[in-house]
Amino acid sequence: MRLDQKLIADMIAPGSRVLDIGSGDGALIDHLFRTRQCDARGIEIDMAAVTQSVAHGLPVMHGDADSDLAHYPDAAFDYVVLQRTLQAVERPREVLRQMLRIGRRAIVSFPNFGHWQLRLQLLTTGRMPMTTTWGRPWYETPNIHPCTIRDFFALCAEEGYVVEDWMAVDEAGDRAPWRRSVRFANLFGEQALFLLGRRG
Amino acid sequence: MNVPRPAFDPAVLPAGGAAADDSHQHVRFGDGLALECGAVLDELVVAYRTYGRLDADRANAILVCHALTGDQYVAEPHPLTGKPGWWSNLVGPGLPIDTDRFFVICANVLGGCMGSTGPRSTRPDGTIWGTDFPPVTIRDMVDAQARLIDHLGIDRLFAVIGGSMGGMQVLQWAARYPERVFAALPIATAAQHSAQNIAFNEVSRQAIAADPDFHAGHYRDRGTIPARGLGVARMMAHITYLSEEALTRKFGRRLQSAPASPAAGGGAGLFGEMFEVESYLRHQGSSFVRRFDANSYLTVTRAMDYFDLARDHDGDLASAFAGTFTRFCVVSFSSDWLFPTAQSRAIARALNRAAANVSFVEIDTDKGHDAFLLDEPDMHRTVAGFLDGAAIHAGLRPAPPGVAAPGPRGKAP
């Protein structure tokens, strides 16, 4: 399991109902079931990963964040998780709304486009930046909606979501020390991890 | 229920086969069955086979539901054709539906022709039902199976599994007896028969009805069988089970010499040759009529056509599964155009709306609808893994050592 998945797992109370959107090989839901007795389920767009997950006994269905969340009832889950995928969905704002409709809380991680290397590359070369995190050229990247940590805070404020917890995360997925300052986190954090709740 | 419970030790199948219905292992329910259409069968016979051993706590039973032309001989040679059981690649010791671990039950459907009550059965007045057999539904089939499960002393099935029409029964089981189904595996199926599928079935039925040997269904009285009509029905249906890619891969446009006798039907081709695909379909048709009854074909295709699970629940498929605790695994095949993935996705989404625990896999294959019967490694891994995961949640004992259980995480499948 990746380090940032461990951070996500730490945010989830034992025995919860969890939906992991983009569950990949199912490592997180497997971990949540085995160590936290969660009713954890997955949605995954890559069919080979779905088949592999189901073949390991994990409840995963083929689908994607843009079109499948609308079919779940309100508050069906305690947590809805979206790992490193928000920047690749068609309608990120709608996906977040759906997550906080079907879940009481949402856990979202995304690569931070505000990282200093990206800023510097764009400033000095005038070309679309390429880093380890943002590793694909502009014409073939699936990441059609990049945002920065500050952008995400702004969207949460606009939508009325409560940021219950947040942290910057480095490329390896370990927690980065920029918690005190959003500006520093936005400059030095390669990724971000948010725990959101509904207002009221 | 006035049927004694304990007597379910296999009444061994006599050699020689299927002339009489009694030749199949069966249980007889003297109190009959009330059908959805309002008719009441005075007596119900359910022919069935079992494999493996029922645990002391009777928690390890899996009901396998067969498709339109299937039967209860799921994992052993067919008594008429001698061919291996129709799911012998999936059901057996060490296989995904592991008979070393699970007690597997398969019953001939109500309306079938392999020993369960159907058009070939005898009425109380001693005559054969024939076309007078009342219309049955998938729900009636499931009710008949439920009587068998009662008889076997099983309260809750660990799993109900089936493909195509078998998958319809799985969905009906989960909707009708949710507390009796821990896990449900509907494969290559739909929650309602589509207009296109009804249309195909109607062509099959018309082919049978147009055969002069059909005699309005009273062919047995006349000592005939509508072999030509039933054969054509099977040929047409068989095309719908395959895909264009699979037909091209298997036969292409290859020719072979035509049979000398024109009795095989249709004149020979231009130079005394015929396409291999023609020969294949004729063989499918002619071998089918030896094991299947035309009136059963009419009855069972009608049952499929009537199937519409949402209609029975105010038009909302999700409400058919409201509050369910059953774990579902919905499986479709990418090249299946008879029960396309969209129909399985509709089932999965309805289950989402019901907040059910559902896995949904589309297996990538070019083999069409038929894939559910074939050796599809991805399907077998899916079935094995889903059952294994469900068994953990059901608290069943783990798979016996040495059996091909899914490997630990991270291992290549």
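Residues numbered from 1 in each chain as written. Chains lettered and ligands numbered in written order. Predicted model: local features only at pLDDT ≥ 70, side-chain atom pairs only at ≥ 80, totals over all residues. Heavy atoms only, no water.

> Could you clarify how one ought to interpret the overall build of chain A in this entry?
Along the backbone of chain A there are eight helices and seven strands. The C-alpha radius of gyration of chain A comes to 16 Å, within 12% of the 16 Å expected for a compact globule of 200 residues. When the backbone C-alpha atoms are referred to their principal axes, chain A occupies close to 50 × 40 × 30 Å. Per-residue burial for chain A yields a buried fraction of 52% across its 200 residues. In chain A, the share of contacts with a sequence separation of at least 24, taken over all contacts with a separation of at least 6, comes to 65%. Here chain A has roughly 9,000 Å² of accessible surface; of this, 53% comes from carbon and sulfur atoms. Between the centroid of the 23 positive side chains of chain A and the centroid of its 25 negative side chains there is a distance of 6 Å. (Helix = DSSP H or I, 4+ residues; strand = E, 2+ residues; numbered from the N terminus. Rg over C-alpha atoms; globule rule 2.2 N^0.38 Å. Buried < 20%, exposed > 50% of the residue type's maximum accessible area, 1.4 Å probe, protein only. Contact = heavy atoms within 4.5 Å. Areas by Shrake-Rupley, 256 points an atom, 1.4 Å probe, with all protein chains shown as cover. Lys, Arg positive; Asp, Glu negative; His and termini not counted. Charge placed at Lys NZ, Arg CZ, Asp CG, Glu CD.)

> Where do I start with helix H2 (residues 27-36) of chain A in this structure?
Structurally, the α-helix is built with 3.6 residues per turn, so residues lying three or four positions apart point the same way. All names here are of chain A. Within the sequence span of H2, burial applies to Ala27, Leu28, Ile29, Asp30, Leu32 and Arg36. In this structure, the buried side of H2 is in contact with helix H1 (3-11), strand E1 (17-21), strand E2 (39-44), strand E3 (60-62) and strand E4 (77-83). Gln37 sits one or two positions beyond H2 and adopts a positive phi of about 55°.

> Sorry if this is basic, but what is going on with the interface of chain A and chain B here?
Interfaces are often sized by the accessible area lost when the parts come together. Counting residues at the interface gives 27 residues for chain A and 30 residues for chain B. Carbon and sulfur atoms supply 53% of the area buried between chain A and chain B, which totals about 2,300 Å² over both sides. The tally of links from chain A across to chain B stands at one salt bridge. Asp68 of chain A is paired through a salt bridge with Arg349 of chain B; the nearest N and O atoms lie 2.9 Å apart. (Buried area = accessible area lost by both parts, 1.4 Å probe. Salt bridge = Lys/Arg side-chain N within 4 Å of Asp/Glu carboxyl O.)

> I keep staring at the environment of Arg349 of chain B and nothing clicks. Help me out?
Relative to the helices and strands, Arg349 of chain B resides in helix H9 (residues 341-353). Ignoring sequence-local partners within four residues, the contact set of Arg349 of chain B consists of Ser67, Asp68 and His71 of chain A.

> I would appreciate a short explanation of unusual backbone geometry in the present structure.
Most peptide bonds take the trans configuration, and most residues that are not glycine carry a negative phi. Phi at Gln37 of chain A is positive, roughly 55°, even though this residue is not glycine. With respect to the helices and strands, Gln37 of chain A occurs in the loop between H2 and E2. The residue Asp314 of chain B is not glycine, and still its phi comes out positive at about 55°. Here Asp314 of chain B shows up in the loop between helix H7 (294-306) and helix H8 (317-320). A relative accessible area of 80% places Asp314 of chain B in the exposed class.

> How should the domain arrangement of chain B be read in this particular structure?
All names here are of chain B. Looking at chain B, the domain boundaries give domain 1 (21-194 + 313-394) and domain 2 (197-297). Just the C-alpha atoms count here: the centres of domain 1 and domain 2 sit 27 Å apart. The partner domain 2 presents 26 residues to the 26 residues of domain 1 that form the contact. Across the domain 1/domain 2 interface, buried area totals approximately 2,300 Å², and carbon plus sulfur atoms make up 55% of it. (Domains from an automatic or database assignment.)

> Which parts of the structure should I look at to understand a nonpolar patch on the surface?
All names here are of chain A. A cluster of nonpolar residues, Trp116, Leu120, Leu123, Phe184 and Phe188, forms a patch on the protein surface that exposes about 530 Å² of accessible area. Ranked by the residues each element gives to the nonpolar patch, the list is headed by helix H6 (residues 116-125), at three residues. Owing to a relative accessible area of 42%, Leu120 belongs among the partly exposed residues under this scheme. (Patch = residues over 30% accessible without salt bridge, like charges linked within 9 Å, V, L, I, M, F, W, Y side chains within 5 Å.)

> When you look at the environment of Gly385 of chain B in this model, what are you seeing that I'm missing?
As for its position among the elements, Gly385 of chain B is in helix H10 (residues 377-394). Separated by 100 residues in the primary sequence, Gly385 of chain B and Gly285 of chain B have C-alpha atoms spaced 36 Å apart.

> How should helix H2 (residues 165-176) of chain B be read in this particular structure?
Residue and element names in this part refer to chain B. When the terminal C-alpha atoms of H2 are compared, their 16 Å separation across twelve residues agrees well with the 16 Å that a helix rising 1.5 Å per residue should span. Extensive coverage of H2 is indicated by the burial of eleven of its twelve residues. All of the buried residues along H2 are Met165, Gly166, Gly167, Met168, Gln169, Val170, Leu171, Gln172, Trp173, Ala174 and Ala175. (Expected span 1.5 Å × (residues − 1).)

> Is there a simple way to think about the side chain of Ser287 of chain B in this case?
As for its placement among the helices and strands, Ser287 of chain B is situated in helix H6 (residues 276-289). A distance of 2.9 Å separates the side chain of Ser287 of chain B from the backbone oxygen of His283 of chain B, its partner in a polar contact. (Polar contact = N/O pair within 3.5 Å; in protein donor to acceptor, adjacent residues only side chain to side chain.)

> Help me out: how do you make sense of the packing of aromatic side chains in this one?
By convention here, two paired aromatic rings are described through the distance between centres and the angle between planes. Residue and element names in this part refer to chain B. One pass over the structure, following the stated rule, counts 23 aromatic pairs over all chains. Over the face of the ring belonging to Phe29 we find Arg147, whose NZ or CZ atom lies 4.7 Å from the ring centre. Sitting over the face of the ring of Phe288, Arg234 holds its NZ or CZ atom 4.6 Å from the ring centroid. (Phe/Tyr/Trp six-rings, centres within 6.5 Å; stacked < 30°, edge-to-face > 60°. Lys NZ or Arg CZ within 6 Å of the ring centre and 35° of its normal.)

> Mind showing me how you'd approach the pattern of salt bridges here?
One side chain can pair with another of opposite charge once the charged atoms of both are near each other. Residue and element names in this part refer to chain A. Applying the stated rule across the entire model yields 36 salt bridges over all chains. One salt bridge in this structure joins Arg104 and Asp78, with 3.3 Å as the shortest N-O distance. Here the residue Arg104 occupies a position in strand E5 (residues 103-111), and Asp78 occupies one in strand E4, the gap between them amounting to 26 residues. Relative accessible area serves as the criterion here: at 41%, Arg104 is assigned to the partly exposed category.

> What is the right way to read the side chain of Ser243 of chain B from this model?
Residues and elements named next belong to chain B. Mapping Ser243 onto the fold places it in the loop between helix H4 (227-241) and helix H5 (244-250). Engagement of the side chain of Ser243 in a polar contact is seen with the backbone nitrogen of Ala246, the distance being 3.0 Å. Within the structure, the side chain of Ser243 is placed 2.4 Å from the backbone oxygen of Asp366, a separation counted as a polar contact. In contact with Ser243, not counting residues within four places along its chain, are Ser335, Trp337, Asp366, Lys367 and Gly368.

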